[in-house]
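# Coordinate analysis (summary)
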Amino acid sequence: MQQSTIDEILNRPLSQELLARDLTRLAYTALDGTPRSIPIGFTWNGTHVVLCTPKNAPKLPALRRNPAVALTVDTEVHPPKILLIRGTAELDVVDGIPDEYLQFSGTYKMTPEQRAEWEVGVRSLYDGMVRIVITPTWAKLIDFETTLPSAVEELVQQQKERQHA
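This structure is a prediction, so every number in the text was calculated from the model and none was measured.

## Quick notes on the sheet that holds strand 3 (residues 43-44)
A sheet is described by the order of its strands in space; here 7 strands give the open sequence 2-1-5-6-7-4-3, paired in antiparallel fashion. With partners counted over all chains shown, the strands left at the sheet margins are strand 2 (35-41) and strand 3, one partner each. By the bridge criterion, 7 bridges tie strand 5 (residues 68-74) to strand 6 (residues 82-95) in an arrangement that is antiparallel. Residue pairing across strands places L71 opposite I85, the latter belonging to strand 6. Relative to the sheet, helix 1 (residues 3-10) contacts strand 3, strand 6 and strand 7 (128-142), its axis offset from that of strand 7 by approximately 95°.

What follows is the structure in structure tokens.
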């Protein structure tokens, strides 16, 4: 997929709304060769999806071996709004707590006191984290109004062809 197409999809208003959410589902291939899909907090910096995880997370050796990933960000209403992203993950070990972790964790509803207590707890637990920086190589936005899953698009086209025959 061309970078200009990826950019156009990711810059649509609905994509931007989805990229402002708290959680994505990260799919990757585990070391045993089986698929994994996990919920994880994320932030979008305008060009990359950034995830943060403990330095001992089981996904890290798998991502070092095979950095190909897929992400799903969606809504819980009908019809769902879905942003699908495929990409390549780069791992960046950092001392302390990455700003991105504090950003996406900060969107949960907490009082200022709860937020301060949470941050103290986080800073005392982690001496460092790993930033997983994902560069999108493919994207699709599905809103079930103007865009559909490709299999459904194909069925709609076949239905139109049968009606015009």
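Moving on from the model shown.
## Describing the nonpolar core
Counting residues in each nonpolar core, the largest one holds 28 residues, and the members touching the most others are L10, L26, V49, L51, L83 and I134. For this core, the secondary structure elements donating two or more residues are helix 1, helix 2 (13-19), strand 1 (23-29), strand 4 (49-54), helix 3 (59-65), strand 5, strand 6 and strand 7. At 5 residues, strand 7 tops the list of elements feeding residues into this core. With residues near it in sequence (within four places) discarded, L10 still touches S15, Q16, L19, W44, L83, I85, P136 and A139. If you look at the next biggest cluster of nonpolar residues, it comprises 8 residues, including V50, V122, Y126 and M129.

About the cut-offs
Residues numbered from 1 in each chain as written. Predicted model: local features only at pLDDT ≥ 70, side-chain atom pairs only at ≥ 80, totals over all residues. Heavy atoms only, no water. Pairing = 2+ DSSP bridges. Helix = DSSP H or I, 4+ residues; strand = E, 2+ residues; numbered from the N terminus. Contact = heavy atoms within 4.5 Å. Axes fitted to C-alpha atoms, helices over the stretch in contact; angles between N-to-C directions. Core = buried A, V, L, I, M, F, W, Y, C linked by side-chain atoms within 4.5 Å. Buried < 20%, exposed > 50% of the residue type's maximum accessible area, 1.4 Å probe, protein only.

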